[in-house]
Amino acid sequence: MRSSIAIRVTVLITLSSLLFGLVAVPVAAAPPRSGKPSTDKAILFASDGMRPDLMEGFAAEGVMPTYADLMATGVRGENGLVQAFPPNTGVGWNTLATGTWPGEHGSMNNTYFRTGEGNFNNRTSFATTGALQADHIAQAAERAGKKVVAVEWVGARNLVPALQGPVVDFRSFFSNRGVLLNYDLPGQPAGANAFGVSYQRVDLDDAVGWTNVPASFSPARQEQLKITNTAFPAVDNVDRFYDLYIYDSSDDGVVNYDRVVAVASTSGKNGAAAAANLAEGTWADVKVSLTGNRAGQTAGFYLKAIDIAPDLSTFRIYFTSIARANATYNALGAAGSAAFEETLARDFPTSTAGDFAPLEGGIVDEDTYIEQGSMWADAHHAYLGYIFNTLKVKPDLLLAGNPVTDEVQHQFLSLTVPVDMDGDPNPYYDDATNDNVPDGRVDTRWNYIREAYAEADSTLGLARTLMGADTTVMASSDHGFAPQWYAVNAGTVLKDAGFQATEQTSNCRVGGAPTRVKACWAGGTAQIHISLAGRDPG
């Protein structure tokens, strides 16, 4: 049973599995002052979706030296910790941070319904400010007079009361993302439209009206790229246009186009104001100024020249969403906290991470998806360095996370395993489109996963270096992964059973009246909520 709101039903979805945990205590730690274990400094680290068995295998290969050291000098759980349910981000991170199950901390899913809401159509995200109902370890530490830093610890910016120390947690988005190209990609624009990404099919024109641009040894070409505003509220951004100057930089008597210059249209095709000058396969971080309520704030996006054929038979440029890291430093007051966030946005690489929609929509290749995801570390490792080395913050507790293991396994784990959890053949093994023609990419995709685990290891390694050798470390994960290639459309099931007059239009929303029951889903779990008379208005 399928419809337009089905849970993503491709092999690219994976099923969450097990938490795991490692604890390493400093070798030279002083004896505890009581019968309870104690430490002066601690790191709580989680890599989203990391599997303990894969971590152990990659550590044995030498890919994860930080984790190898933790296992050699500390203690570890037998195949990890006991998993909270459902096994996903919204539950797992809050279970780790509070030491309570979702029935107590209240974050029951990535998207869920809170019993007793004023309207049965309401839904809540795990990242909703104030949604957490249990005491968070970072809040407890600050109440005890400890200094806390949280960098990419999921939900750290949404706590009430808010944390006072430096917090960097995910990013806000202000535009769409997509490609501009001069040739047809298979399945387009239907694939792009299905995933809400931009597909700008154009014919290149002769370049006219340009100044201060490099000489072209073949007739230069041009086009204009549009980045559509999606900010909420809309006044916080504008539609942005970039003029593209495509040229041949080699004076060799051969038509050999090889570079593209991008200039904001407000600069009138003046190459002196170029935002980027790209060769095929290269990226540029482009900064912009927001508007409206965010006037004066810096955000950024990335451009990649995916294809520049020497004869321009194929030209494709990819742009990511305009984004800005979410950051606070409330101990500095409102103005100081705002300045902290602005410094991260203006002076450091733009926060980005893997984006499934362009890949699953079919407008970018797998390498581009991986490259974008790996740039998360460029930004967030730099943020950590700034907090510790420039601001000289010396926390007692560092909460740190890494999202890339989750993003990469969502896309590729199920394509690399020949059988499922029960030993049955995987029809999507090395065959993303299930057309019975092997992709020949098992080794490449497995290496994507290996590199993601290595990046998580380097993130924890950096955290240990910054905190010092005398720091106790707990490394864990919010959930794991297992291959999945089937899914049920819960909305269709409820409609067919007579619980909804028409099928619910999206996750955790009601269907047509009357709706007696609705579904909230994430990963391999659909939670069914009943509209109970006298308890759930609407």
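Remember, it's a predicted structure, so these values are computed and weren't measured experimentally.

## Observations regarding the environment of Gly300
And then number 1: Along the chain, Gly300 falls in strand S17 (residues 298-308).
And then number 2: Note on Gly300: relative accessible area 0%, which makes it buried.
And then number 3: With near-sequence residues (within four places) excluded, Gly300 lies in contact with Val286, Lys287, Val288, Ser321, Ile322, Ala323 and Thr350.

## Some words on the nonpolar core
And then number 1: Of all hydrophobic cores here, the largest spans 70 residues; its most connected members are Tyr67, Val168 and Leu398.
And then number 2: Ranked by residues supplied to this core, first place goes to helix H9 (residues 366-390) with 11 residues.
And then number 3: Discounting chain neighbours no more than four positions away, the residues touching Leu398 are Ala42, Ile43, Leu44, Val149, Leu384, Phe388, Ala463 and Met467.
And then number 4: With 30 residues, the next largest nonpolar core counts Leu225, Ala231, Ala264 and Ala284 among its residues.

## Notes on the confidence of the model for the protein
And then number 1: Overall, the predicted model of the protein reaches an average pLDDT of 92, with 93% of residues at or above 70.
And then number 2: For the protein, the element scoring lowest by mean pLDDT is strand S1 (residues 14-15), at 34; strand S18 (residues 315-319) scores highest, at 99.
And then number 3: This stretch, residues 1-19, has a pLDDT under 50; its non-local contacts, to residues over four places away or in other chains, come to 83 contacts.

## Notes on the environment of Thr129
And then number 1: Inspection of the secondary structure puts Thr129 in the loop between strand S6 (124-125) and helix H5 (137-143).
And then number 2: Using a relative accessible area of 52% as the deciding quantity, one classes Thr129 as exposed.
And then number 3: Linking Thr129 and Arg157, residues 28 residues apart in sequence, is a C-alpha distance of 7.8 Å.
And then number 4: Here the side chain of Thr129 touches Asn158 through a polar contact of 3.3 Å, side chain to side chain.

Conventions we followed
Residues numbered from 1 in each chain as written. Predicted model: local features only at pLDDT ≥ 70, side-chain atom pairs only at ≥ 80, totals over all residues. Heavy atoms only, no water. Helix = DSSP H or I, 4+ residues; strand = E, 2+ residues; numbered from the N terminus. Buried < 20%, exposed > 50% of the residue type's maximum accessible area, 1.4 Å probe, protein only. Contact = heavy atoms within 4.5 Å. Core = buried A, V, L, I, M, F, W, Y, C linked by side-chain atoms within 4.5 Å. pLDDT = per-residue confidence, 0-100. Polar contact = N/O pair within 3.5 Å; in protein donor to acceptor, adjacent residues only side chain to side chain.

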